[in-house]
Every structure is written in C-alpha cells, then in structure tokens.
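Chain by chain, the residues run as shown.
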Amino acid sequence: MTLKMSKTKRILFYIAIMLSNVAVMGEQVIQPITYNFYNAFPDSQTAVNMILSIPLIMMIIFSIIAGKLCNHFNKKNLLIFGGVLFAIGSIFGLTVETIPYIIIMRAVTGIGEAFVTTVAVVFIGDVYGNEGARAKFLGIYNAVMALIGVVMSQAAGSLAVSKWENSFWVYWAAVPMVIAMILFLPSIQKTEDVAETRKGKKEPFGKAFWVMAFDYLIYNIAYGCIAYFISLYIVENGIGNEVFSGTYIAMCTAGSAVTCMIFGFLLYKYLGNKTAVLAYGMAAAAIAIHIFIPTKAAAIVGALLIGSSYGNVFSFGFAYAPMVVPKSRADEATGVASALTVGPWFISTYLMTWLMDGVFKTELVTPCLIVPLGMCVVAFVIELIFTGKYKRMV
C-alpha cells in the first residue's frame, strides 16, 4: 500500500470507500421507473429525456474536472463535496414535481455522482500503488458497487409499485455515506506529480488511451440503451411490470458483482487487456438475446450477461487506463474513464427516441436494439484488432 494506515483506520477506510458506491450507483434508482416518468409527463417527451440525461451530461463534464482538481486539492474534501451534492440533489429530487425543478436537482445529483465516482477511484489508486493490488481492490470495490446497486434497484422497483415517487426514498442512504466520508477517510493531499509541469507543457495521453476511450464510449452508449429502456422493453413484450424491471436490474448488477469479484484475481491477471474483448462479446450476445428471444427467462439470461460485461468493462477501464498514459496524467485519465462510464448514457436516451420516431417509425424498443448490438460488435472487433498493441507508460 502506498498510503500506510493502522488496521483500525484501514477498516474504517474500507467502510467509507465502499459506501461511496451509493452515489456511484445512484442511477439504479431511476432505471426501474423510467417508464413512469414518461407516463407522468406524457406530453413532454423531450423534457423527460432531459430529466433522464442531465445527470449523465454533468458526469461527462465534471468527471473530467474532478480528475484535474485531484492534482490541486485535498482529495478527501473533493469526495465529501461530491457526496453532499449527491445527497441534496437526490433526496430532494422530487420535493417539487415540476419539470424545471426536477431537471435542476437531477443536474446537482449528476455533479455529485461525477465527483464521487472519479475521486473514489483516484483515492484507491493512492492507497494501492501496486498495479496488481489495485486491480484486485478495484474488483472488490466494483463488486460491492454492484451489490449495492442490486439493493437500490430492487428497493426502488418495489417502492414504485404503490407509488412511483416512493423510489426516491432509497436516496436517504446517501446520509450515512457522507457521514462515513467525513469521519473515516484519511486526508490525501493533491497529487505531487501533476500533469502540468512548471513549464506549462502536458504529455499526451497517447494513441492506446484514445482507442480504449472510443470503444468505451460506444459500448456505454449501447449499454445505456438497455439500462434506460429496459422497463419499456419489459412492458411492450408483456414480460412483467416495475417489480420485474427491478429484478432485471438486480440480476444485471448481480452478474456485474460476480465478474468484478474475480476481475483482479482471474480476468485481469491472466487476460490483461483481452478482458475488454470478452466483455464486448458478452454484451453483443446479451442484446441479441433480447432482440430474438423476448421472454422472461431469456431476459434474465441477458441481464446476467450484459451485467457481467459491464462489470468487466468498468473494472478494466479504471485499472488499465492509468497504466497507458504518462504517470503525471493518471488522475486525469481516471477522470476521462469516469466520464465515459455512464456519461454517454445521455446519448442513449436521444439515440433510442430518434431510432423509434425517426428511423424505425415505431413505438417499440425491441426492433431498435439492433443498433446497440452493432455498436458492441464494432467495439469487439476494434479491441480484437488492437489486443496486445497497448504500450504501458507506468
């Protein structure tokens, strides 16, 4: 470990950093009730798209900013800042049920999610300086993230049955998260080896990073099409209701948890950057199942597959991205990886509605999934071609 702590302080650190996943998985509460938002505001589809996408837009912008700020400010303070913003924006997100208010609070939520997601991973990188140890802990961290996501999505779906707005009660879990951050996290100062040298010059990220980033981008757009439209898919195919939507997402995150748990110990250890090839192939298979076998049993299989792919990609991006850029830009690379993790999902909302209204001329989600399927295939092929060609910089 780069940062030395006593056994007690280390345990408290584990508790605080694991609880940060409440913010990281914040959108899990929204996914089971996407259908309800469209029902609540039937004449405002564009506004609903904004409600769903604004946190993701904020994540793209502020994840990059958070990565840069890690070079200049105390990281504990940055993490607490993000946690507080998330708590305020999410807990009070539906206090006033008007579109402008909801959009503003969802934006605040997204900024908080961006800071917590990015700074938490940078934090872990500072605590675990060794690549192998960091990959293993990131896998465990992401597995806990997935399990927290299971609880949050299942709780949100169950609460939505009586009244969909009740799903927002799940966000009260942000309160103990913030308290743990304040009490248990060690103070980590700004990164000493900053990207901007005293002469003001920056070392480039390099080709390998941008190839990874491109595949990361198109994969996450494709994944977002599933994540945000699965409730509509389930309803249109007569598979179930909000409860099954919550179950689907729970199975998805359960698959992610298993993959994350073995990531550092097996996948990354033995496959290296080939883990991305496996992940994109699994995602393509999952979406194909959704298109051609729209049944409850197949939906569960697809959820486990695409969830496993997401856990693989998520862990891979954060573990490997800092390794293919100059050390001085590792925190910034983490910020970009964070931005590309769920940020592109905002494109998914507009892509799917455009495909439904402008291309396929249908009210159904299922036929439009052929496009996300194609995107996963493209990412799979690119990674297959570039496997083994990444050059480590650290």
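Computed from a predicted structure; not experimentally measured. (Residues numbered from 1 in each chain as written. Predicted model: local features only at pLDDT ≥ 70, side-chain atom pairs only at ≥ 80, totals over all residues. Heavy atoms only, no water.)

> Teacher, can you tell me more about the overall build of the protein here?
Across its full length, the protein carries 15 helices and 0 strands. Its C-alpha radius of gyration of 20 Å places the protein within 12% of the 21 Å reference for a compact globule of 394 residues. Residue burial in the protein is summarised as follows: out of 394 residues, 60% are buried. Restricting the contact set of the protein to residue pairs at least 6 apart, pairs at least 24 apart contribute 83%. Computed over 26 positive and 19 negative side-chain charges, the inter-centroid distance for the protein is 15 Å. (Helix = DSSP H or I, 4+ residues; strand = E, 2+ residues; numbered from the N terminus. Rg over C-alpha atoms; globule rule 2.2 N^0.38 Å. Buried < 20%, exposed > 50% of the residue type's maximum accessible area, 1.4 Å probe, protein only. Contact = heavy atoms within 4.5 Å. Lys, Arg positive; Asp, Glu negative; His and termini not counted. Charge placed at Lys NZ, Arg CZ, Asp CG, Glu CD.)

> Whenever I open this one, unusual backbone geometry confuses me. Can you help?
Residues apart from glycine generally show negative phi values, whereas peptide bonds are mostly found in trans. Even without glycine at this site, Lys361 takes up a positive phi of about 50°. In this fold, Lys361 is placed in the loop between α14 (345-359) and α15 (370-386).

> Whenever I open this one, the pattern of salt bridges confuses me. Can you help?
If the charged atoms of two oppositely charged side chains come close together, the side chains can form a pair. Summed over all chains, the structure comprises 5 salt bridges. Between Glu27 and Arg106 there is a salt bridge, and its shortest N-O distance comes to 2.8 Å. Of the two residues, Glu27 is situated in the loop between α2 (21-24) and α3 (34-40) and Arg106 in helix α6 (residues 99-127); the sequence distance between them amounts to 79 residues. Look at Glu27 and you get buried, because its relative accessible area is 4%. Here Arg106 falls in the buried class, since its relative accessible area comes to 3%. Notably, a salt bridge pairs Asp126 with Lys75, separated by 2.5 Å at the nearest N-O pair. Here Asp126, found in helix α6, pairs with Lys75, found in helix α5 (residues 75-91); they are 51 residues apart in sequence, far enough to count as distant. When its relative accessible area of 1% is taken as the criterion, Lys75 is described as buried. (Salt bridge = Lys/Arg side-chain N within 4 Å of Asp/Glu carboxyl O.)

> Just to check I follow, could you spell out the packing of aromatic side chains for this structure?
Each aromatic ring pair is described using two quantities: the centre-to-centre distance and the angle formed by the ring planes. Within the structure shown, the criterion is met by 23 aromatic pairs. Measuring from ring centre to ring centre gives 5.5 Å for Phe205 and Trp210, while their planes differ by 70°; the resulting arrangement is edge-to-face. On the basis of relative accessible area, Trp210 is assigned to the partly exposed category, the value being 48%. Consider the rings of Tyr310 and Trp345, whose centres lie 6.2 Å apart with planes at 50°: the pair is tilted. Pair noted here: Tyr310 is in helix α12 (residues 296-320) and Trp345 is in helix α14, with a separation of 35 residues, a long-range link. (Phe/Tyr/Trp six-rings, centres within 6.5 Å; stacked < 30°, edge-to-face > 60°.)

> Sorry if this is basic, but what is going on with the side chain of Glu332 here?
As for its placement among the helices and strands, Glu332 is situated in helix α13 (residues 330-342). A distance of 2.9 Å separates the side chain of Glu332 from the side chain of Lys68, its partner in a polar contact. A distance of 3.1 Å separates the side chain of Glu332 from the side chain of Arg329, its partner in a polar contact. (Polar contact = N/O pair within 3.5 Å; in protein donor to acceptor, adjacent residues only side chain to side chain.)

> Got a minute to help me understand α14 in this structure?
Within an α-helix, residues lying three or four positions from one another point in the same direction, as the helix has 3.6 residues per turn. Given a rise of 1.5 Å per residue, 15 residues ought to cover 21 Å, and the 20 Å separating the end C-alpha atoms of α14 matches this to within 8%. By the burial criterion, the buried members of α14 are Trp345, Ser348, Thr349, Leu351, Met352, Thr353, Leu355 and Met356. On its buried side, α14 packs onto α3, α4 (45-69), α9 (207-236), α12, α13 and α15. (Expected span 1.5 Å × (residues − 1).)

> Can you help me understand the nonpolar core in this one?
Where a protein is soluble and globular, its nonpolar side chains tend to be buried together. Counting 135 residues, the largest nonpolar core has Ile17 and Phe37 as its most contacted members. The biggest single contributor to this core is α9, with 19 residues. Excluding residues within four positions of it along the chain, Ile17 makes contact with Leu79, Ala120, Phe123, Ile124, Phe137, Tyr141 and Leu185. (Core = buried A, V, L, I, M, F, W, Y, C linked by side-chain atoms within 4.5 Å.)

> Whenever I open this one, the side chain of Gln28 confuses me. Can you help?
Its place among the elements puts Gln28 in the loop between α2 and α3. When residues no more than four places from it in sequence are discounted, the contact partners of Gln28 are Gly149, Met152, Ser153, Ile249 and Thr253.

> What is the right way to look at a nonpolar patch on the surface in this model?
Taken together, Val84, Ile88, Phe92, Trp169, Trp172, Val175, Ile179, Ile182 and Leu183 make up a surface patch of nonpolar side chains, about 870 Å² in accessible area. When contributions to the nonpolar patch are tallied by element, the ones reaching two or more residues are α5 and α8 (174-184). Inspection of the secondary structure puts Leu183 in helix α8. For Leu183, a relative accessible area of 56% puts it in the exposed group. (Patch = residues over 30% accessible without salt bridge, like charges linked within 9 Å, V, L, I, M, F, W, Y side chains within 5 Å. Areas by Shrake-Rupley, 256 points an atom, 1.4 Å probe, with all protein chains shown as cover.)

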